[in-house]
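# Coordinates in review
Each chain, letter by letter, is given below.
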Amino acid sequence: MKLTKVLSIAVVLLGMVACNKPAGELVGVSTGAAFREATPYGMVFVRKGAFLMGPNSQSAVFSQSDNNVMVTVNAFWMDETEITNSEYRQFVHWVRDSIAYRLLMEEEGADSEYALESSSDMEEENPRINWKQKLPWGERFDSESPVADALSPLFYEDGRGELRTTVLRYEYVVKNLDEAAKYRNKFDISRGRYPDGVSIRVDSFWVENDEIFSKTITRPLREPKDILSNRIICVYPDTMVWARDFENAYNDPMLHSYFSFPGYSEYPVVGVTWEQAQAFCHWRTQLLEAASNVEINAYRLPTEAEWEYAARGGRRVAMYPWGDKYARDAEGSFYANFKPYRGSYYNDLGVTTMAVMQFRPNDFGLYDMAGNVAEWTSTVYTDAGVLQMSDINPDLQYRAAKEDPYSMKKKAIRGGSWKDPVKYIQGATRSYEYQNESRSYIGFRCVRSYAGNENRR
C-alpha cells in the first residue's frame, strides 16, 4: 500500500515537472484545451474599435453640430446579411416539428419511435425527441387514422388542412440581468445570501384556452433561479403587414406569397416583431449548442452602437456604409435599395424588398447595411440616444412588459428600408418602432460577442 502511494506521488511530481509547473506554486487551472473560436457560418468578424457615434455632418438647422460622442465597442461576429425568409422558415419549421413530435409521442406512449430511449424516471416523464425519426409530412392518412388525429391540433381540417400558425409557439427561459445587476439586489458575500426584503421584477407567460397570457410579477429574490423569466412567443411572421402598412394599395400577392413562396427565399424576412427576433436568437443559440455540445456566447440582436459601428465598416467618419457622400456611383448606379424619388421605387432596380447581396458589401463584408429593410437593435430608443449611455459598449436595455405604456416599448431601428428616402439610409440616422409591432419594412440580423484574444485570430 505504501509503495503504491509513493509511486502515485512520483507520477504526480513527474507530471508537474513535465508540464513545467512547479509543485506548491500558483499555476492556475485549465478549463480545457486551447480555444480559438471558429468563424460562425454566415457571419463576418467585426474587430473592436472606436468611432464617433452620431451624425458626422452639420445639421441643416442653424448649422449647429449634432450631438455625437466618441465610443468604443468590443469585437463581435455579425450576420453578413439580414435574416432571410429561408433562414427564418428553419425556425418556424423547427417549432412546428417539435410540437408534432410531442403530439405523436403522447399518442403512441412510452414506446414511441419518436422518443429517444430514456435512462431515468425524469426522462421518462418528459422524453427527449428522436429527431432522426422522420415525421410523416406529405403522407395521406384516413381521417380516423391515429396519426391524423394526433396531429390535428396543428391543422384546421383533421390534420390535412391549412396549418394553424397561431399554435406555433416557442417557449424559453431568460435571465433578467437588468434586474439582477441593480445595486440593491447585489449578493451579500459576507452573509452568503441576498439582502433581506429585496424583490425582483420578472415576466410570467402561460396559455389558457389556446390563448397566451402574460403578466409582470414581483417576487422575493432569495436565490439565482428567482431572476428567471419564461417566454411564450408565437413565431410565425405577420403576413398581413403588406396590406396593413399601405392603405389604398394592392399588395395582396406579397401578402399571400412573400414568406412561403420559394422565389422569395433569399429575401429578408419581414413582419417579425422585436420579441420574435429575440426568440429567434435564443433558438439559434440552443440549436448550435445542441449540435456542437459546446457552450457559446449567445446569438443576440446588435446594440445600436454595434450596428452603427458595423455599418461604418471601420471608418470613423462615413455618411453611408459604402463610405461615399452620395447614394450612387459615378455611373449613376445606386448603392442600395431605397426610395430614390417620389413614387419612383424602381430607379434602384427594386420595387419593395430585394434578395440579399444585390449590392456591394461595406469594408467589413456586410451587405445591405443601408436600405432593403430597416433592422431591429436590442437598444431602447430615447431622444438623448448615446448621450444617455456609457462611452464603452454603449447600450440601454429594458424589456417592457405587456402592461407598460407604449412610450417604454420603443426599440431603436437602423439602416432605413426600401420605402424610405435617402436621409433614412444614412449610417447615423435613428428611428424606432414598438417592440410588439411588425412591419413590412423591418427585419433583423444577429450578432455574437467574440470570445478570446482578438490578436490571435
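Numbering of residues starts from 1 in each chain and follows the order in which that chain's sequence is written. Confidence filtering applies because this is a predicted model: local features only for residues at pLDDT of at least 70, side-chain atom pairs given and counted only at 80 or more, and all residues used for totals across whole chains, interfaces and linings. Heavy atoms from the whole structure form the basis of all side-chain values; hydrogens and water molecules are not counted.

Spatially, 1-4-14-9 is the arrangement adopted by the four strands of the open sheet, whose pairing is antiparallel. Of all strands in the sheet, those with a lone pairing partner are strand 1 (43-46) and strand 9 (299-300), marking the two edges. Here, a strand pair is defined by DSSP locating no fewer than two bridges between the strands. Runs of H or I in DSSP of at least four residues are treated as helices and runs of E of at least two as strands, each being numbered from the N terminus. Pairing of strand 9 with strand 14 (residues 447-449), which is carried by two bridges, proceeds in the antiparallel orientation. When the bridges of strand 14 are listed, Tyr299 appears paired with Arg448. The criterion used for residue contact is that any of the two residues' heavy atoms lie within 4.5 Å. Between the N-to-C directions of two axes lies an angle of 0 to 180 degrees, each axis being a line fitted to C-alpha atoms and, for a helix, fitted only over the stretch in contact. Lying on the sheet, helix 9 (residues 304-312) is in contact with strand 1, strand 4 (76-79), strand 9 and strand 14; it crosses strand 4 at an angle near 75°.

As for its position among the elements, Glu454 is in the segment after strand 14. For every residue, the accessible area obtained with a 1.4 Å probe (protein chains only) is divided by the maximum for its type, and the residue is called buried under 20%, exposed over 50%, and partly exposed between those limits. Overall, Glu454 belongs to the buried group, its relative accessible area being 16%. Linking Glu454 and Phe76, residues 378 residues apart in sequence, is a C-alpha distance of 9.8 Å. The contacts of Glu454, once residues within four sequence positions are left out, are Phe45, Arg47, Lys48 and Ala75.

Quick look at the sheet that holds strand 10 (residues 374-380) now. Spatially, four strands are ordered 12-11-10-13 in an open sheet, and the strand pairing comes out mixed. Looking at which strands have only one partner, the edges of the open sheet turn out to be strand 12 (431-434) and strand 13 (442-443). As paired elements, strand 10 and strand 13 share two bridges and run parallel to each other. Counted as the bridge partner of Glu375 is Gly443 from strand 13.

Residues with a pLDDT of 70 or more make up 86% of the protein, whose mean pLDDT is 85. Values of pLDDT, the confidence the predictor places in each residue, fall between 0 and 100. Confidence, expressed as mean pLDDT per element, reaches its minimum in the protein at helix 1 (residues 2-18) with 44 and its maximum at strand 13 with 98. A low-confidence stretch, residues 58-65 stays under pLDDT 50, and its non-local contacts, those more than four residues away or across chains, total six contacts. Confidence drops under pLDDT 50 across residues 119-123; counting only partners more than four residues distant or on other chains, this segment forms two contacts.

Moving on: the side chain of Arg399. Structurally, Arg399 can be placed in the loop between strand 10 and strand 11 (410-414). What qualifies as a polar contact is a pair of N or O atoms within 3.5 Å, subject to a donor-acceptor requirement within protein and to the restriction that residues adjacent in sequence count only when both atoms come from side chains. At 3.3 Å, the side chain of Arg399 and the side chain of Tyr172 are in polar contact. Setting aside anything within four residues of it in sequence, one finds Arg399 in contact with Tyr172, Arg201, Arg231, Trp274, Glu275, Gln278, Lys411 and Gln435.

Let us look at a negative patch on the surface. A cluster of acidic side chains, namely Glu107, Glu108, Glu113 and Asp149, defines a negative patch on the protein surface. Within the element layout of this structure, Glu108 appears in helix 2 (residues 85-108). Note on patches: the residues involved have over 30% relative accessible area and no salt bridge, like charges join within 9 Å, and the nonpolar side chains Val, Leu, Ile, Met, Phe, Trp and Tyr join within 5 Å. Only the protein chains shown count as cover for residues, and all accessible areas are computed by the Shrake-Rupley method using a 1.4 Å probe. Put simply, a salt bridge is a Lys or Arg side-chain nitrogen that is within 4 Å of an Asp or Glu carboxyl oxygen. In this tally, Lys and Arg are treated as positive and Asp and Glu as negative; His is ignored, and so are the chain termini. Throughout, a charge is located at the NZ atom of Lys, the CZ atom of Arg, the CG atom of Asp or the CD atom of Glu.

Here the focus is the pairing of strand 4. The side-chain alternation of strand 4 yields two buried faces, one formed by Phe76 and Met78 and the other by Trp77 and Asp79. Sheet analysis places strand 1 next to strand 4, joined by four bridges and oriented antiparallel. Across the sheet, residue Val46 finds its bridge partner in strand 4, namely Phe76. As paired strands, strand 4 and strand 14 are joined by three bridges and run antiparallel to one another. By the bridge assignment for strand 14, Met78 is matched with Val447.

Glancing now at unusual backbone geometry. With the exception of glycine, the majority of residues adopt a negative phi angle, and the majority of peptide bonds are in the trans configuration. With a phi close to 65°, Asn372 is a non-glycine residue in the positive phi region. Looking at the element boundaries, Asn372 is found in the loop between helix 9 and strand 10. Note on Asn372: relative accessible area 1%, which makes it buried. Look at Asn393: it is not a glycine, yet its phi comes out positive at around 45°. Among the structural elements, Asn393 can be located in the loop between strand 10 and strand 11. A relative accessible area of 32% places Asn393 in the partly exposed class.

Look at helix 2 against helix 8 (residues 274-292): their axes get within 11 Å of each other, and the N-to-C directions meet at 80°. The angle between helix 2 and helix 8 falls in the class roughly perpendicular. Where helix 2 abuts helix 8, its residues Glu87, Tyr88, Gln90, Phe91 and Trp94 lie against Gln276, Ala279, Phe280, Trp283 and Leu287. Nonpolar residues are Ala, Val, Leu, Ile, Met, Phe, Trp, Tyr, Cys and Pro. Charged residues are Asp, Glu, Lys and Arg, and all others, Gly as well, are polar. For the contact of helix 2 with helix 8, the residue count by class is seven nonpolar, two polar and one charged. We call two directions roughly parallel when the angle between them is under 35 degrees, roughly antiparallel when it is over 145, roughly perpendicular when it lies between 65 and 115, and oblique otherwise.

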